[in-house]
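Structural description and commentary
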Amino acid sequence: MVQPGEEAGLKEKIVAIFVWIAPAVTRELITSLPNLRVVGNCAVGYDHVDLAACAERGVRVGYTPNVLNKTTADMAWALLLASGRKVVEGDSISKNPSTSTFDSNWMGQQVSGTTLGIVGMGRIGYEIAKRAVGFEMKVLYHNRHRKSAEEEERVGATYVPTLAGLLGESDYVVLAAPATGDTHHMMSREQFAAMKPTGVFVNISRGTLVDQDALAEALRGGVISAAGLDVTDPEPLPRDHTLLSLPNLTLTPHTGSATLPTRQAMVQMTVDNIKAVLQGQPMVNEVALPSL
Ligand SMILES: O=C(O)C(=O)CO
């Protein structure tokens, strides 16, 4: 806590930053802190950290992979089930006694025995696939790199070399790819049009992967049946954003990793990463910075 009168010289004193998924750690911020040595990013995604600026200044960046895989995969499933089976709409009906529960409008999509398409089969994507086994789903995945035959077999996942191929075959499409220049707006009009009209779209990655105008059009026009988003661009969405008026959209406020044990593990790992740098030790999990 900065006390009145302490601001002078404060920037020179800062050697470490602890940051969540926001605010952005910009070049301007990094440049303004002459003695900064480490950014402790308390998240697995680090698209909000200017890595080039960190590399240029010799500032190291820590992050928190693995400890949130299962919790975030659980959230993907929460959104998949809520969107597919109209849980949030059902909640409103249940609280409005004038509406019949047997109205056919409230029928959702089949989950068990259908096909799940996972876009981005990293650590979180793999946990999402594991959970599909109990639902007897066929699992397809699209990823930069194909998994080993053993890894595929363990979760019964089939690699699909093209995104379009996966979209057309899947009843549920879950986005779990990282935010990079290559994945920006990877889901746009053409991709939603490639999905089944009964298809359900879920995003637990970053909002920037989705063209939100295209998603709103797809949801409004029946191009797909429903969507569940844990992430948007920006977060939160402005109150008048068109997505907020759509009944077939379920939204959560970027709470994919938000359970006490997981958040405690993330905070501990971030503190350990920061301490390691300040003590001249290797970090527990360090982001590889771009070469200069
Ligand atoms: O760790 C991340 O990248 C998150 O999005 C936190 O849920």
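Refer to the preceding data block for the structure.
Note that the structure is predicted; figures quoted are calculated from it, not measured. (Residues numbered from 1 in each chain as written. Predicted model: local features only at pLDDT ≥ 70, side-chain atom pairs only at ≥ 80, totals over all residues. Heavy atoms only, no water.)

**A word on the sheet that holds strand 10 (residues 249-251)**
The strand order across the open sheet formed by seven strands is 6-5-4-7-8-9-10, and the pairing between neighbours is parallel. With one partner strand each, in any of the chains shown, strand 6 (157-159) and strand 10 form the two edges of the open sheet. Neighbour-to-neighbour, the strand axes of this sheet turn through a mean angle of 20 degrees, independent of strand direction. Inspection of the sheet shows strand 4 (residues 115-119) paired to strand 7 (residues 172-175) by four bridges, in the parallel sense. Counterpart to Leu 116 in the pairing with strand 7 is Tyr 172. (Pairing = 2+ DSSP bridges. Helix = DSSP H or I, 4+ residues; strand = E, 2+ residues; numbered from the N terminus. Axes fitted to C-alpha atoms, helices over the stretch in contact; angles between N-to-C directions.)

**Here we look at the packing of helix 4 (residues 69-84) against helix 6 (residues 123-132)**
Interhelical geometry of helix 4 versus helix 6 gives an angle of 55 degrees and a closest axis separation of 8 Å. Judged by the inter-axis angle, helix 4 sits oblique to helix 6. By crossing handedness, the relation of helix 4 to helix 6 is classed as right-handed. Contact residues: Asn 69, Lys 70, Thr 72, Ala 73, Asp 74, Ala 76 and Trp 77 in helix 4; Arg 123, Ile 124, Glu 127, Ile 128, Lys 130, Arg 131 and Ala 132 in helix 6. (Parallel < 35°, antiparallel > 145°, perpendicular 65-115°, else oblique. Left-handed = near helix turned anticlockwise from the far one by under 90°. Contact = heavy atoms within 4.5 Å.)

**With respect to the pattern of salt bridges**
Scanning the entire structure with this criterion turns up 13 salt bridges. Note that Lys 130 is salt-bridged to Glu 127, the shortest N-O span being 3.0 Å. Here Glu 127 and Lys 130 lie together in helix 6, a separation of three residues that amounts to about one turn. With a relative accessible area of 37%, Lys 130 lands in the partly exposed category. (Salt bridge = Lys/Arg side-chain N within 4 Å of Asp/Glu carboxyl O. Buried < 20%, exposed > 50% of the residue type's maximum accessible area, 1.4 Å probe, protein only.)

**Overview of unusual backbone geometry**
In this model, Ala 22 is joined to Pro 23 through a cis peptide bond whose omega is 0 degrees. Mapping Pro 23 onto the fold places it in the loop between strand 1 (16-19) and helix 2 (27-32). The omega angle of the peptide bond from Glu 235 to Pro 236 is -10 degrees, so this bond is cis rather than trans. Examined against the element boundaries, Pro 236 turns out to sit in the loop between strand 9 (226-229) and strand 10. Residues other than glycine seldom take positive phi values, yet Asn 66 does so here, at roughly 75 degrees. For Asn 66, the position within the fold is in the loop between strand 3 (60-62) and helix 4.

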